[in-house]
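As a plain string of letters, each chain reads:
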Amino acid sequence: MTKLIKVKTGSKFEEKGSYSRIVALDNWIFVSNTAGRNPETKQIPEDVKEQTLQVFANIEKALAAVQSSLADVVFSRVFIQDPADTETVMGIVGEKFRGINPATTVTCPPLGSTVYKVELEVTAYRGAAQAEVEEITVAV
């Protein structure tokens, strides 16, 4: 039987917008766009590097709740408020996803508030970290 798990983190935005941080359907795991708000202090770091690290901490904690990790991520969407922050943010994304290499989209749209410098959304497949990987390079 198909199992659907919905994970909430207690964010007031999840309640107001009626959404879950994670929806896991069997082995597919969909993580909502996640900002860098510290769940304990409710603060958002002003520094883009610190904010990006907090985004990853939030996502890693949510993935762990459904027995998964960044190693299972197959797709990510990175939203960066200011294009000038792209190099910093993508440096951290590169560190976190080194060896995982998910398909990734990076864009610089306005975010829900100017305090958000970066947000990240991921799709994971539980068990992808143990899958046999074939890498193919094509000339473009």
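Residues numbered from 1 in each chain as written. Predicted model: local features only at pLDDT ≥ 70, side-chain atom pairs only at ≥ 80, totals over all residues. Heavy atoms only, no water.

> Explain the nonpolar core to me, please; I cannot follow it from the model alone.
One broad trend across soluble globular proteins is that nonpolar side chains are buried collectively. Residues Ile22, Ile29, Ile59 and Leu63 are the most contacted members of the largest nonpolar core, which totals 24 residues. Where this core is concerned, the elements lending two or more residues are strand E2 (22–25), strand E3 (28–34), helix H2 (48–64), strand E4 (73–80), helix H3 (86–97) and strand E6 (118–125). Examining the composition of this core, we find that six residues originate from one element, H2, more than from any other. The contact partners of Ile22, leaving out residues within four places of it in the chain, are Ile5, Lys6, Val7, Ile29, Phe30, Val31, Ala62, Leu63 and Val66. By size, the runner-up hydrophobic cluster in this structure holds five residues, among which are Ile44, Phe79, Leu111 and Tyr116. (Core = buried A, V, L, I, M, F, W, Y, C linked by side-chain atoms within 4.5 Å. Buried < 20%, exposed > 50% of the residue type's maximum accessible area, 1.4 Å probe, protein only. Helix = DSSP H or I, 4+ residues; strand = E, 2+ residues; numbered from the N terminus. Contact = heavy atoms within 4.5 Å.)

> Explain H3 here, please?
Three or four residues apart is the spacing at which side chains of an α-helix point the same way, because the helix has 3.6 residues per turn. Spanning twelve residues, H3 covers 16 Å between terminal C-alpha atoms, matching the ideal 16 Å at 1.5 Å per step. Of the residues making up H3, those classed as buried are Val89, Ile92, Val93, Gly94 and Phe97. Contacts made by the buried residues of H3 are with H2, E4 and E6. In the segment just after H3, Gly99 is the residue with positive phi, at about 85°. (Expected span 1.5 Å × (residues − 1).)

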